[in-house]
Amino acid sequence: MTAPSPLAILTVAGGRGSRAGEGIPKQYRSLLGETLLARTLKALHAAAPQALLLTVIHADDRALYDASVAALPAALRETILPPAIGGASRQASVRNGLEALQALEKPPKIVLIHDAARPFADPALIARAIDAARDHGAAAPGVPLADTIKEIDAAGTVVATPERARLRAVQTPQAFDFELILKAHRTAASQALEFTDDAMIAESSGHAVHIFEGDPGNFKLTSREDFLRAESLLLNDLPDIRTGQGYDVHAFVAGDHVWLGGVSIPHDHGLAGHSDADVLSHAVTDAILGAIAEGDIGSHFPPSDPQWKGAKSSIFLAHAADLVRGRGGMIAHIDATIVCEAPKIGPHRETIRASLAEIMGVDIDRVAVKATTSERLGFTGRQEGMAALALATVRLPG
Ligand code: MG
């Protein structure tokens, strides 16, 4: 843990909503290989590297949360406090998070309260939020409305048309003097009052809330369309598309299994090699290194170095994927071919795809694994060894 910071950012991620797609809560859904929560935390850290980050999660989501955080860069993980467990409502969840911050040896002076479903909070917005909390004690970002707003009654009849110029759609992060919002939350809880956002809680305690300039790009991901829009925005930021190739061969020796893509496959021989001789992982690793022009597997993990003797090749592959992420890029696609007469790859194909995808931290639909024999020709045809070829397509920032 780093030194106590006067600034904390509390991210609310306790929601159960899975409206956007798969059965898991949307904050743990993948956005181009990283969870929505991980992307949001990365954006917050990039905007305020000095801030302590605390996430409020649902008690059932601990494993999903841990996996999201484990995939983050080490420098970011050092700013992350243990998660707080949410309550029955968003308000109760925020309160639990504030109490966890209060329990720190040195509680923050300023707290920003943010939704996990807003991954596009940029540094300028966060800077405005911090300034607004300092200057006003309670503040929220607001954006002007493009549409006219009508208030209607139960029959659908318009009863009022508020003046649009005076209306704002309110976003997060909302920004507060820490003691002020903690006290307001405690009072609201003691009076069993429920509010829709934290600004309203500050208002209820009698504190004026300042609206500062929000950002239309800081939108909340709710629907499937929102996720598609977010993915295309993220892809637009990765215009530098590169392809690398990899090729590898290992000889058969006595043994009872071979490693392919991190999966142990029963066979009447093993493969010889300094590491675990995972010919497929080696080809994919070299393809990724080729795409980013970072040498080859041997230059990163010299076979002469005894520490790699018997090593799991997933270490090499994960390292190559980390290099891509470290550049702010992504692995867009892997297409690999295994060449052998035996073992039969078909029955293991999906397991191998899933394993490669997990090691690299990419979605499985971006990983293709194919197999072919060489019609009993050449060294693979004579079953003296196996070969693997791979292409990696990588996208990098411009
Ligand atoms: Mg090799």
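Residues numbered from 1 in each chain as written. Predicted model: local features only at pLDDT ≥ 70, side-chain atom pairs only at ≥ 80, totals over all residues. Heavy atoms only, no water.

Visitor: Requested: an account of the domain arrangement of the protein chain, with residues and values cited.
Guide: Splitting the protein chain by domain gives domain 1 (7-236) and domain 2 (240-396). Centre-to-centre, using C-alpha coordinates, domain 1 lies 41 Å away from domain 2. Counting residues at the interface gives 4 residues for domain 1 and 6 residues for domain 2. For the pair domain 1 and domain 2, the summed buried surface comes to about 500 Å²; carbon and sulfur atoms form 47% of the total. In terms of surface lost to domain 2, no three residues of domain 1 exceed L32, G33 and L235, which account for 70% of the buried area on that side. On the surface where domain 1 and domain 2 come into contact, there are 0 salt bridges. The tally of links between domain 1 and domain 2 comes to 2 residue pairs in polar contact (both at pLDDT 80 or more). A class-by-class count of the residues in the side of domain 1 that touches domain 2 yields 2 nonpolar, 2 polar and no charged. (Domains from an automatic or database assignment. Contact = heavy atoms within 4.5 Å. Buried area = accessible area lost by both parts, 1.4 Å probe. Salt bridge = Lys/Arg side-chain N within 4 Å of Asp/Glu carboxyl O. Polar contact = N/O pair within 3.5 Å; in protein donor to acceptor, adjacent residues only side chain to side chain. Nonpolar A, V, L, I, M, F, W, Y, C, P; charged D, E, K, R; others polar.)

Visitor: Could you give me a rundown of helix α2 (residues 62-70), with the residues and numbers involved?
Guide: What sets the pattern is the α-helix's 3.6 residues per turn: residues three or four places apart point alike. Every buried residue of α2 is accounted for by Y65, S68 and V69. An end-on view of α2 places all buried positions within 90° of arc, on one side of the element. What points out from α2, more than 90 degrees from its buried face, is the exposed set A63, A67 and A70. In this fold, the buried residues of α2 make contact with β3 (34-35), α1 (36-47), β4 (52-57) and α3 (74-77). (Buried < 20%, exposed > 50% of the residue type's maximum accessible area, 1.4 Å probe, protein only. Helix = DSSP H or I, 4+ residues; strand = E, 2+ residues; numbered from the N terminus. Arc of directions from axis to C-beta.)

Visitor: Tell me what's going on with the packing of aromatic side chains, and back it up with residues and numbers.
Guide: One pass over the full model with this rule turns up 4 aromatic pairs. Geometrically, the ring pair formed by F120 and F219 is stacked, given 5.4 Å between the ring centres and 25° between the ring planes. Taken as a pair, F120 in the loop between β6 (110-115) and α5 (123-136) and F219 in the loop between β12 (210-213) and α8 (224-236) lie far apart in primary sequence, 99 residues in all. No difference in accessibility class separates F120 from F219, as the two residues are buried. (Phe/Tyr/Trp six-rings, centres within 6.5 Å; stacked < 30°, edge-to-face > 60°.)

Visitor: Account for the coordination of the magnesium ion, with residues named and values stated.
Guide: For the magnesium ion, the full set of protein donor atoms is D248 (OD), D248 (OD), H250 (NE2) and H282 (ND1), at a range of 2.2 to 2.8 Å. Within one chain, the residues donating to the magnesium ion are spaced in sequence as D-x1-H-x31-H. One end of the pair, H250, is in strand β13 (residues 240-254); the other, H282, is in helix α9 (residues 279-291), with 32 residues separating them in the sequence. Of the two residues examined, H250 and H282, each falls in the buried class. (Donors = N, O, S within 2.8 Å, 3.2 Å for Na, K, Ca; no water.)

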